Amino acid sequence: MTDTNTLRSQALSAIEHCDSSATLEEQRVALLGKKGAITEALKTLGAADADTRKTLGATLNQIKQELAEAIDSKKAQIAAVELNARLASEKIDVTLPSRPEIRGSIHPVTQVIEEITAIFADMGFAVAEGPDIEDDAHNFDALNIPESHPARQMHDTFYLQGNGDGKTLLRTHTSPVQIRTMTGGQKDNSGPPFRFIAPGSTYRCDSDLTHTPMFHQVEGFVIDKDIHMGHLKGCLIEFLKAFFELDEVPVRFRPSFFPFTEPSAEVDIGCKRSKDELKIGAGNDWLEVLGCGMVHPNVLKNCGLDPDEWQGFAFGMGVERLAMLKYGIPDLRTFFDSDTRWLSHYGFDALNIPSLLGGL
Ligand code: PHE
């Protein structure tokens, strides 16, 4: 016969004496688990007579309930204590003056944007910016991507609720800055010619090994008279040589499609892949690094420019991708983990500002 009073008081005291989630879990299994004391006691009921079964069964179930509650409240208590201990041990005094050994560093995304900017600044490009929150007129329509266009689906857009028409979104690329700049959205700029790069954050509803919902692009575009594909190629080849710090780099322009450029191309650079190394600038393999093309006449028209008078080219590159290639960073997702160990390994010295003269 089970002495329910002793069982109850011993169990409650055992629970009360637990001082970590691990010991509490052990206690829970020892009492309520498949082979636990309460479970075993309940099993003896089958052999008992009807009266005992009734009263003892009710008591045991009541104890079971009581113990489960005691375990839950102890669990919450231990969790609070453990959290406080963790908060105390990980406490950082943000008011302390900086110490050299914990000096902050420049994130590779910032560094690479600075490097790209330095290279294009040297070629006479200004820097433009546009808002992260866009409307579909700038992100799609004006870029020759009409409502029904399959490219809209491909962009995995984050739409924002708010103004009722569902037309506000997080920009899926930096190309809307082309439109804003050409239509005079930039204060200091009244008309063509244009020669801009536009770095910034972009967003797509996509998350896996090689995609993060937020990433960065640098857009580039040139509008002037008599601009042709040769200018585009020369400009990008010069850029790639400077960026990867190589005297010669094999570059391939592969026909592609973007609604806002015609013709369009994807740009590959030559590389050599071996088991655990990727060497850029030599070898028989190719690696895609950016998209580009001649600005589509419809885009020029949408911005009030006469395509017979003005032509140009545009390109767009992924900042994280370029950073991964140049600095051998294997995993895209680590960029946004905010892990200070990662940053101190891959980050850059804040005083080392990239310049073509000083080296990138
Ligand atoms: N906006 C394109 C993208 O995000 C890249 C691009 C920009 C292609 C400019 C051509 C010209 O995929």
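Residues numbered from 1 in each chain as written. Predicted model: local features only at pLDDT ≥ 70, side-chain atom pairs only at ≥ 80, totals over all residues. Heavy atoms only, no water.

A.B. asks: So what's going on with the sheet that holds strand β4 (residues 168-170)? Residues and values would help.
C.D. replies: Across the sheet, three strands lie side by side as β2-β4-β3; this open sheet has antiparallel pairing. Every other strand in the sheet has two partners, leaving β2 (133-135) and β3 (159-160) as the edge strands with one partner each. In this structure, β3 lies alongside β4, joined through two bridges in antiparallel fashion. Of the residues in β4, the one forming a bridge with Leu 160 is Thr 168. (Pairing = 2+ DSSP bridges. Helix = DSSP H or I, 4+ residues; strand = E, 2+ residues; numbered from the N terminus.)

A.B. asks: Provide a residue-level description of the site of the ligand, including the pertinent values.
C.D. replies: The ligand sits among 13 residues. The nearest are His 173, Ser 175, Arg 204, Gln 217 and Glu 219. Residue Gln 217 places a side-chain N or O atom 3.0 Å away from an oxygen atom belonging to the ligand. Computed on the free molecule, the ligand has an accessible area of 330 Å², of which 91% lies beneath the protein chains in the complex. Looking at the shell around the ligand, the elements that each hand over two or more residues are β6 (214-224), β10 (285-295) and β11 (311-318). The element contributing the most residues to the shell around the ligand is β11, with three residues. Broken down by class, the residue content of the shell around the ligand amounts to five nonpolar, six polar and two charged. (Near = heavy atom within 4 Å. Polar contact = N/O pair within 3.5 Å; in protein donor to acceptor, adjacent residues only side chain to side chain. Areas by Shrake-Rupley, 256 points an atom, 1.4 Å probe, with all protein chains shown as cover. Nonpolar A, V, L, I, M, F, W, Y, C, P; charged D, E, K, R; others polar.)

A.B. asks: Go over the packing of helix α2 (residues 21-32) against helix α4 (residues 50-89), please, and point to the residues and values.
C.D. replies: Two numbers describe how α2 lies on α4: the axes approach to 10 Å, and their chain directions differ by 170°. With respect to each other, α2 and α4 are oriented roughly antiparallel. Facing α2, whose interface residues are Ser 21, Leu 24, Arg 28, Leu 31 and Leu 32, α4 presents Lys 64, Leu 67, Ala 68, Ile 71, Lys 74, Lys 75, Ile 78 and Glu 82. Of the residues assigned to the contact of α2 with α4, the class counts are seven nonpolar, one polar and five charged. (Axes fitted to C-alpha atoms, helices over the stretch in contact; angles between N-to-C directions. Parallel < 35°, antiparallel > 145°, perpendicular 65-115°, else oblique. Contact = heavy atoms within 4.5 Å.)

A.B. asks: Can you break down the packing of helix α1 (residues 4-17) against α4 residue by residue, with the values?
C.D. replies: Relative orientation of the contacting elements α1 and α4 amounts to 10°, with a least axis distance of 10 Å. Overall, the two elements α1 and α4 adopt an arrangement that is roughly parallel. Residues Thr 4, Leu 7, Arg 8, Ala 11, Leu 12, Ile 15 and Glu 16 of α1 touch α4, and the partners they reach there are Leu 56, Thr 59, Leu 60, Ile 63, Glu 66, Leu 67, Ala 70, Ile 71 and Lys 74. By residue class, the composition of the contact of α1 with α4 is ten nonpolar, two polar and four charged.

A.B. asks: Please give an account of the packing of aromatic side chains that cites residues and values.
C.D. replies: According to the stated counting rule, one finds 14 aromatic pairs in the structure shown. Ring geometry for Phe 313 against Phe 315: centres 6.4 Å apart, planes inclined by 25°, an arrangement best described as stacked. Taken together, the ring pairs in this structure connect Phe 120, Phe 125, Phe 239, Phe 243, Phe 244, Phe 313 and Phe 315 into an aromatic cluster. Sitting over the face of the ring of Trp 310, Lys 225 holds its NZ or CZ atom 4.8 Å from the ring centroid. (Phe/Tyr/Trp six-rings, centres within 6.5 Å; stacked < 30°, edge-to-face > 60°. Lys NZ or Arg CZ within 6 Å of the ring centre and 35° of its normal.)

A.B. asks: A description of the pattern of salt bridges should follow, citing residues and the corresponding values.
C.D. replies: Using the criterion set out here, one finds 16 salt bridges in the structure. Ionic pairing is found between Glu 66 and Arg 8, a salt bridge with its closest N-O pair at 2.7 Å. Separated by 58 residues along the polypeptide, Glu 66 in helix α4 and Arg 8 in helix α1 bring together distant segments of the chain. Here Glu 90 and Arg 86 are joined by a salt bridge, their closest N and O atoms 3.0 Å apart. (Salt bridge = Lys/Arg side-chain N within 4 Å of Asp/Glu carboxyl O.)

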